[in-house]
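Observations on the three-dimensional arrangement
Residues per chain are reported as follows:
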Amino acid sequence: MRSPFYSTRNKIGFNIVDKLVKQSNLFSKPLFHFLLIITICSIVYSNTLEVPFVFDDKPVIVENPIIRDLGYMVNPSEAKVHNGHFEYESFRHRYIGYLTFALNYWIHKLDVTGYHLVNLAIHILNGLIVYWLVILTFRTPFLNSSNLKGCLNEIALFASLLFACHPLQTQAVTYIWQRVTSLSVTFYGLSLVLYILWRLTSKKTSSFAFQMPILFYLGSVISAVLAMKTKEIAFTLPVVIFLYELMFFEEKLKKRLLYMTPLLLTMLIIPVSLLETDKLKGDLIENISEATRVDTNISRWVYLLTQFAVIVTYIRLIFFPINQNLDYDFPIYNTFLTPEVFLSFLLLFSIFSLGIYMFLHSRTRNSTYRIIAFGIFWFFITL
């Protein structure tokens, strides 16, 4: 027969275990993870709030009359009349980014702290979008039965913190003008997430036209437009969404193309905005070539050859973020058979081939292979 002391001790032990279980459940909750992401990011970047305006910050923000008058935001055409060609062209292509700078200036003029706080808030939001993207990806048909779902929230937390706190993000957060990149990424990720939400919920009702989830789809298209009016890097967004559709959802190809049509049409926004109406009467091909050229005097071929070595540096910095530099000085390579170019090409080709291999072997429901393949393709497409 057990003593009363034994029973009491057991109750106390069970209570302690029960409390520990509840606490562990709390630590795995998304809300706790959100607070953790916000807190850690705030601490990591807390020493950037007083960094002064540098480089492009000065002509784009400090010396730019466009952001000092909210009237230009309401009537953008007026900016062309009263300001220089460069300021107007950049403003026209990246209107949403300039709008945030104008609001910053309206609230606290040239106090850098306010600009940095907005940059930090955007970066934290991007980290939360990454978390959300991971959660939703494991709800797709391909990954819904993955054995990784048991630690899904922890995977999402790790991915989010890795993205948000990686040393490579220093420039995106600290350099104020880089807000156009971070904000474009916000709309980029939001568009993808809203598309996934629409795909996950659209089958729950019979009518395509009158279902509530259509708001997710409309939000995805609107976010795509906003991304492209923030920075031109968003041009690849519809391609990434289509890749995601092919890799994680199941549907007939005709329906997939129908789903993608409005998003694919948004790809016209950037090319059309790059072509000035008053130049269309001239040599269209020459105009397109000039509008899409990187700001350099070297030829496109030489630029491409040099980029092979640059991209390898990007990859190296992902895994070994040491000796970072704000302005790298890469030598110009003129021939493909230069060892640095050829070996870099072989490495990049091997990585891309690995992505293809993993995709083909993931058809047997190997979720890890499919995730890695998608990540490799995402890297090359967005690059």
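Small disclaimer: the values here were computed from a predicted structure and weren't measured. (Residues numbered from 1 in each chain as written. Predicted model: local features only at pLDDT ≥ 70, side-chain atom pairs only at ≥ 80, totals over all residues. Heavy atoms only, no water.)

**Digging into the overall build of the protein chain**
Along the protein chain, the regular secondary structure elements total 19 helices and zero strands. The buried share among the 383 residues of the protein chain stands at 41%. In the protein chain, of all internal contacts separated by at least 6 residues, the share reaching a separation of at least 24 is 71%. Carbon and sulfur atoms form 68% of the exposed surface of the protein chain, whose accessible area is close to 21,700 Å². (Helix = DSSP H or I, 4+ residues; strand = E, 2+ residues; numbered from the N terminus. Buried < 20%, exposed > 50% of the residue type's maximum accessible area, 1.4 Å probe, protein only. Contact = heavy atoms within 4.5 Å. Areas by Shrake-Rupley, 256 points an atom, 1.4 Å probe, with all protein chains shown as cover.)

**Examining the packing of helix H11 (residues 179-201) against helix H14 (residues 253-265)**
Where H11 contacts H14, the two axes come as close as 13 Å, and the packing angle between them is 160 degrees. One finds that H11 runs roughly antiparallel with respect to H14. The handedness of the crossing between H11 and H14 comes out as right-handed. Mapping the contact onto sequence places Ser191, Tyr195, Trp198 and Arg199 in H11 and Tyr259, Met260 and Leu263 in H14. Residues of the contact of H11 with H14, tallied by class, amount to five nonpolar, one polar and one charged. (Axes fitted to C-alpha atoms, helices over the stretch in contact; angles between N-to-C directions. Parallel < 35°, antiparallel > 145°, perpendicular 65-115°, else oblique. Left-handed = near helix turned anticlockwise from the far one by under 90°. Nonpolar A, V, L, I, M, F, W, Y, C, P; charged D, E, K, R; others polar.)

**With respect to the packing of helix H2 (residues 30-44) against helix H9 (residues 152-165)**
Packing of H2 against H9 leaves a shortest axis separation of 10 Å and a crossing angle of 15 degrees. Accordingly, the angle class assigned to the pair H2 and H9 is roughly parallel. Crossing geometry of H2 relative to H9 is assigned as right-handed. From H2, Pro30, His33, Leu36, Ile37, Ile40, Cys41 and Val44 reach across to H9, where they touch Asn153, Glu154, Leu157, Ser160, Leu161, Ala164 and Cys165. Of the residues contributing to the contact of H2 with H9, the split by class is ten nonpolar, three polar and one charged.

**Details of unusual backbone geometry**
A positive phi angle, close to 50 degrees, is found at Phe55, a residue other than glycine. Following the sequence through the fold, Phe55 ends up in the loop between H2 and helix H3 (57-62). What makes Phe55 exposed here is its relative accessible area of 54%. Notably, Lys109 is not glycine yet its phi reads approximately 50 degrees, a positive angle. Considering the arrangement of structural elements, one finds Lys109 in the loop between helix H7 (95-108) and helix H8 (112-137).

**Quick word on H11**
The terminal C-alpha atoms of H11 lie 32 Å apart, and with 23 residues this matches the ideal 33 Å at 1.5 Å per residue to within 8%. Of all 23 residues in H11, 20 are buried, a share of seventy percent or more. (Expected span 1.5 Å × (residues − 1).)

**Details of a nonpolar patch on the surface**
Nonpolar side chains collect at one region of the surface, where Leu168, Ile318, Phe319, Phe320 and Ile322 lie side by side and expose about 520 Å² of accessible area between them. Relative to the helices and strands, Phe320 is located in the loop between helix H17 (300-319) and helix H18 (339-361). (Patch = residues over 30% accessible without salt bridge, like charges linked within 9 Å, V, L, I, M, F, W, Y side chains within 5 Å. Salt bridge = Lys/Arg side-chain N within 4 Å of Asp/Glu carboxyl O.)

**Observations concerning the side chain of His166**
Within the element layout of this structure, His166 appears in the loop between H9 and helix H10 (170-174). Ignoring any residue separated from it by four or fewer positions in sequence, one finds His166 in contact with Tyr45, Leu161, Leu317, Ile318 and Pro321.

**Quick notes on the pattern of salt bridges**
A side chain of one charge can pair with a side chain of the opposite charge if their charged atoms are brought near each other. If you walk through the whole model with that rule in mind, you get three salt bridges. Where Arg94 meets Glu232, a salt bridge forms, and the shortest distance between an N and an O atom there is 3.0 Å. On the criterion of sequence distance, the pair formed by Arg94 in the loop between helix H6 (85-93) and H7 and Glu232 in the loop between helix H12 (214-228) and helix H13 (237-248) is long-range, its members being 138 residues apart. For Glu245, the salt bridge goes to Arg256, with nearest N and O atoms at 3.2 Å. Taken together, the positions of Glu245 in helix H13 and Arg256 in helix H14 put the pair eleven residues apart, joining distant regions of the chain. Each member of the pair, Glu245 as well as Arg256, is classed as buried. If you follow the salt bridges from partner to partner, you end up with Arg199, Glu245 and Arg256 in one network.

**Details of the packing of aromatic side chains**
In this structure the tally under the stated criterion is 26 aromatic pairs. Plain terms: the ring middles of Phe336 and Phe342 are 5.7 Å apart, the flat faces sit at 90 degrees to each other, and that makes the pair edge-to-face. Accessibility expressed as a relative area gives 33% for Phe342, which makes it partly exposed. Counting every residue linked through ring pairs, the aromatic cluster contains Tyr188, Tyr244, Phe248, Phe249, Phe374 and Trp378. Taking NZ or CZ as reference, Arg199 lies 4.6 Å from the ring centre of Phe249, over its face. Taking NZ or CZ as reference, Arg370 lies 4.0 Å from the ring centre of Phe142, over its face. (Phe/Tyr/Trp six-rings, centres within 6.5 Å; stacked < 30°, edge-to-face > 60°. Lys NZ or Arg CZ within 6 Å of the ring centre and 35° of its normal.)

**Remarks on H7**
Compared with an ideal rise of 1.5 Å per residue, which puts 14 residues at 20 Å, H7 spans 20 Å between its outermost C-alpha atoms and is within 8% of the ideal. Considered for burial, the residues of H7 that qualify are Ile96, Gly97, Tyr98, Thr100, Phe101, Ala102, Asn104 and Tyr105. Lys109 lies just past H7 and shows a positive phi near 50 degrees.

**Describing the environment of Phe158**
Structurally, Phe158 is set in helix H9. For the pair Phe158 and Tyr131, spaced 27 residues apart in sequence, the C-alpha to C-alpha distance is 8.5 Å.

**Quick look at the nonpolar core**
Among the nonpolar cores identified, the biggest contains 59 residues, and Tyr195, Tyr244 and Leu263 are the most heavily contacted of them. For Tyr195, the residues in contact, after removing those within four places along its chain, are Tyr217, Ser220, Ile241, Glu245, Tyr259, Met260 and Leu263. The next biggest cluster of nonpolar side chains, apart from the first, holds 19 residues, and it includes Met73, Phe91, Tyr105 and Trp177. (Core = buried A, V, L, I, M, F, W, Y, C linked by side-chain atoms within 4.5 Å.)

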